[in-house]
Amino acid sequence: GPYFSAGKTITAALTLDLVSDGALALSGAVSTHLGAGWSRAGTAEDSITVRHLLAMASGTDDSLRRIVAPSANRFYYNNPAYYQLFGVAAAAGSA
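Residues numbered from 1 in each chain as written. Predicted model: local features only at pLDDT ≥ 70, side-chain atom pairs only at ≥ 80, totals over all residues. Heavy atoms only, no water.

### Some details on the overall build of the protein chain
Turning to step 1, where the next piece is worked out: For the protein chain, the count of helices and strands is five helices and zero strands.
Turning to step 2, where the next piece is worked out: Ordered by position from N to C terminus, the α and β elements of the protein chain give α-α-α-α-α.
Turning to step 3, where the next piece is worked out: Relative to the 2.2 N^0.38 estimate, which gives 12 Å for 95 residues, the radius of gyration of the protein chain is 13 Å and therefore close to what a compact globule would have.
Turning to step 4, where the next piece is worked out: By principal-axis analysis of the C-alpha atoms, the protein chain measures approximately 35 × 30 × 20 Å.
Turning to step 5, where the next piece is worked out: Looking at the protein chain residue by residue over its 95 residues, the buried ones come to 37%. (Helix = DSSP H or I, 4+ residues; strand = E, 2+ residues; numbered from the N terminus. Rg over C-alpha atoms; globule rule 2.2 N^0.38 Å. Buried < 20%, exposed > 50% of the residue type's maximum accessible area, 1.4 Å probe, protein only.)

Structure below.
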């Protein structure tokens, strides 16, 4: 149906609202909000930012276990990575 990706639009709007409110930084590491090990990609996850998740440029594969490209260097439609924004927004919104 036409609504399958509607959640991504809402998540992006919520995330950017938190950025506008100063509760979240696009350049901030995802690990700051989700903790170490959120991606299972080892130390490479430290360089993945909120902006990378929003732009679908985290560099991870669908399992979030491997880095297949440096962050921000390649667009890859990666739902599991994008869905991490739910946790990021929840953590930033409750801080």
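More follows now that the structure is in view.
### With respect to helix H1 (residues 6-20)
Turning to step 1, where the next piece is worked out: Compared with an ideal rise of 1.5 Å per residue, which puts 15 residues at 21 Å, H1 spans 21 Å between its outermost C-alpha atoms and is within 8% of the ideal.
Turning to step 2, where the next piece is worked out: Among the residues of H1, Lys 8, Thr 11, Ala 12, Thr 15 and Leu 18 are the ones counted as buried. One side of H1 holds all its buried residues, which, seen down the axis, span an arc of 125 degrees. Opposite the packed face of H1, turned more than 90 degrees from it, sit the exposed residues Thr 9, Ile 10 and Ser 20.
Turning to step 3, where the next piece is worked out: Where H1 is buried, its residues contact helix H3 (50-54), helix H4 (79-82) and helix H5 (84-94). (Expected span 1.5 Å × (residues − 1). Arc of directions from axis to C-beta. Contact = heavy atoms within 4.5 Å.)

### Considering empty space enclosed by the protein
Turning to step 1, where the next piece is worked out: For the structure on display, the rule yields one cavity of 30 Å³ or more.
Turning to step 2, where the next piece is worked out: Its boundaries defined by the atoms lining it, the largest cavity holds a volume of some 40 Å³.
Turning to step 3, where the next piece is worked out: Met 56, Ala 57, Ser 58, Gly 59, Thr 60, Val 68, Arg 74, Tyr 76 and Asn 78 together form the lining of the largest cavity.
Turning to step 4, where the next piece is worked out: Among the residues making up the lining of the largest cavity, the classes are represented as four nonpolar, four polar and one charged. (1 Å grid on protein atoms, 1.4 Å probe; cavity = no way out; pocket = protein on both sides within 12 Å on 5 of 7 lines; lining within 4 Å. Points joined across faces, edges and corners; volume = space filled by probe spheres on them. Nonpolar A, V, L, I, M, F, W, Y, C, P; charged D, E, K, R; others polar.)

### A look at the side chain of Ser 39
Turning to step 1, where the next piece is worked out: Turning to its location among the elements, Ser 39 is positioned in the loop between helix H2 (30-34) and H3.
Turning to step 2, where the next piece is worked out: Among the residues examined, Ser 39 registers a relative accessible area of 0% and is labelled buried.
Turning to step 3, where the next piece is worked out: When neighbours within four sequence positions are excluded, Ser 39 is seen to be in contact with Glu 45, Ser 63, Leu 64 and Arg 65.

### Brief notes about the pattern of salt bridges
Pairing between side chains of opposite charge can happen when the charged atoms of each approach one another.
Turning to step 1, where the next piece is worked out: Throughout the structure, instances matching the rule amount to one salt bridge.
Turning to step 2, where the next piece is worked out: Here Asp 61 makes a salt bridge to Arg 66, at a shortest N to O gap of 3.3 Å.
Turning to step 3, where the next piece is worked out: Exposure remark for Asp 61: the relative accessible area of 14% places this residue in the buried category. (Salt bridge = Lys/Arg side-chain N within 4 Å of Asp/Glu carboxyl O.)

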